[in-house]
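# Fold and geometry: a report
Listed below are the residues making up each chain.
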Amino acid sequence: MARTTLTRFLIEQQRLANALPAELRLLIETVARACKTISHSVSKGALGEVLGSLDSENVQGEVQKKLDVIANELLLDANEWGGHLAAMASEEMETIHRIPNRYPKGEYLLLFDPIDGSSNIDVDLSVGTIFSVLKAPDECAGREVTEEDFLQNGRAQVAAGYAIYGPQTLLVLSVGTGVHEFTLDREVGSWVMTDRDMKMPQGKCEFAINMSNRRQWSPGVARYIEERVMGAEGPCGVDYNMRWTASMVADVHRILKRGGIFMYPADHRTPGKARLRLMYEANPMSYLIEQAGGAATDGFIPIMDVDATSLHQRVGVVLGDKAEVAMVTAYGKE
Ligand code: FDP
């Protein structure tokens, strides 16, 4: 049987499901192509002189890794000239990147975290690229796109996905018709579908959280984790397993494939705030997890219903198994 490549899948979606305008197909193919190049750079490691940090900090005050900057440039360059975008925003840039006047403009807005989990780059653990696609509001036709045009909640996303640079390079994608996984066939250079319509397993006893933040958690989150750590001897009556990669892409991918719950809850270090970014991380991952039959909240309400008030807004994240997410949310409300 013929292999389903990403291009073939996208054309099928365009024809059969009528779910995909041609411009959006072009956008996704362009992002996917850029991810191949990023994958190549990541895998070169020290040989490509891409490891280590720069002297610069990003808008979040985090030291930038060389690969953060390389991947950011690759995504900007790849997406600037195709005519499918009105503007881009990146976790690594303070403000939005408008399409230069020398190129035609399209109706979509692309947001990305060029390298997620970048603390893992230098120790050869999985990192990834996360992206989210919105439509530019109708009102911005004929004028310059502004930062406010990006401030739409997660339900407005028309596509989202991530590439993961691990033992295999994968692309996990949704255009609103389920979640699909593609593996990069390096010899041929194409993305080949390896998992269609992924559904995350429910009822698995595994959680992912950075336990060193325990003293910063709310009482509801602390109670939920303590009960799981008690395992068969506690109220759950069953042993739980724990995993933490410190690369959201890798942790969420594991949960998508084998179930469980991922948490980076809001904590007391930055009151009312949290570590993960709404627009570049939480929204696209919530879109994928909901499409795969899971749930995603900020600890209280669905992440995709959280109002976007600034480009680099942070949000608590609790996502994965529906029943487990509901329990964290219920404990939080108590
Ligand atoms: P990173 O800063 O290394 O890019 O994006 C934030 C993030 O990684 C997530 O991918 C990851 O889940 C989290 O930070 C890890 O944070 P801790 O180091 O606090 O565990």
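Heads up: these notes are all about the structure in this document. (Residues numbered from 1 in each chain as written. Predicted model: local features only at pLDDT ≥ 70, side-chain atom pairs only at ≥ 80, totals over all residues. Heavy atoms only, no water.)

As for its position among the elements, Asp-267 is in the loop between strand 13 (261-264) and strand 14 (276-277). Judged by its relative accessible area of 5%, Asp-267 is buried. In the structure, Asp-267 is positioned 49 residues away from Gly-316 in sequence and 7.9 Å away in space, judged by C-alpha atoms. (Helix = DSSP H or I, 4+ residues; strand = E, 2+ residues; numbered from the N terminus. Buried < 20%, exposed > 50% of the residue type's maximum accessible area, 1.4 Å probe, protein only.)

In this section: the pairing of strand 8 (residues 169-174). Judged by how many residues are buried, strand 8 sits mostly within the fold: 6 of 6 residues are covered. Side-chain alternation along strand 8 places Thr-169, Leu-171 and Leu-173 on one buried face and Leu-170, Val-172 and Ser-174 on a second face that is also buried. Note: strand 7 (residues 159-165) against strand 8, 6 bridges, orientation antiparallel. Residue pairing in the sheet places Ala-160 in a bridge with Ser-174 of strand 8. Where strand 7 folds back on strand 8, the antiparallel hairpin that results is connected by 3 residues. The turn joining strand 8 and strand 9 (residues 180-185), which pair antiparallel and follow one another in sequence, is formed by 5 residues; a positive phi near 95° is taken by Gly-176. (Pairing = 2+ DSSP bridges.)

It is worth spelling out the packing of helix 1 (residues 6-17) against helix 2 (residues 22-44) at this point. For the pair helix 1 and helix 2, interaxial distance at closest approach is 10 Å and the crossing angle is 165°. It follows from the interaxial angle that helix 1 and helix 2 lie roughly antiparallel. Between helix 1 and helix 2 lies a crossing of right-handed hand. Between helix 1, through Leu-6, Thr-7, Leu-10, Ile-11 and Gln-14, and helix 2, the contact on the second element is made entirely by Ala-22, Arg-25, Ile-28, Glu-29 and Ala-32. Taken together, the residues of the contact of helix 1 with helix 2 sort by class into 6 nonpolar, 2 polar and 2 charged. (Axes fitted to C-alpha atoms, helices over the stretch in contact; angles between N-to-C directions. Parallel < 35°, antiparallel > 145°, perpendicular 65-115°, else oblique. Left-handed = near helix turned anticlockwise from the far one by under 90°. Contact = heavy atoms within 4.5 Å. Nonpolar A, V, L, I, M, F, W, Y, C, P; charged D, E, K, R; others polar.)

What follows covers the pattern of salt bridges. Two side chains carrying opposite charge are able to pair once their charged atoms lie near each other. Scanning the model with the defined rule gives 21 salt bridges in all. For Glu-91, the salt bridge goes to Arg-277, with nearest N and O atoms at 3.3 Å. With Glu-91 in the loop between strand 3 (85-90) and strand 4 (97-98) and Arg-277 in strand 14, this pair connects stretches of sequence that are 186 residues apart. Across this residue pair, the class does not change: Glu-91 and Arg-277 are buried. The shortest N-O distance in the salt bridge between Arg-155 and Asp-305 comes to 2.9 Å. (Salt bridge = Lys/Arg side-chain N within 4 Å of Asp/Glu carboxyl O.)

Here the focus is the side chain of Asp-251. You can see Asp-251 is positioned in helix 5 (residues 248-258). The exposure class of Asp-251 is buried, given its relative accessible area of 0%. If near-sequence neighbours (up to four positions away) are discounted, Asp-251 is found in contact with Ala-208, Arg-243, Trp-244, Thr-245, Ala-246 and Phe-262.

We now examine helix 1. For helix 1, with 12 residues, the first-to-last C-alpha span of 15 Å sits near the 16 Å given by 1.5 Å per residue. Contacts from the buried residues of helix 1 go to helix 2, strand 8, strand 9 and strand 10 (190-195). Backbone geometry just after helix 1 places Asn-18 at a positive phi near 55°. (Expected span 1.5 Å × (residues − 1).)

Turning next to the sheet that holds strand 10. Within the open sheet, the 8 strands sit side by side as 4-3-5-6-7-8-9-10. Their pairing is mixed. One side of each edge strand has no neighbouring strand; the edge strands of this open sheet are strand 4 and strand 10. In terms of strand pairing, strand 8 meets strand 9 through 4 bridges, oriented antiparallel. Each residue of the ladder has a partner; that of Leu-171, found in strand 9, is Phe-182. Lying over the sheet, helix 3 (residues 66-80) contacts strand 3, strand 4, strand 5 (108-116) and strand 6 (127-135), oriented at roughly 155° with respect to strand 5.

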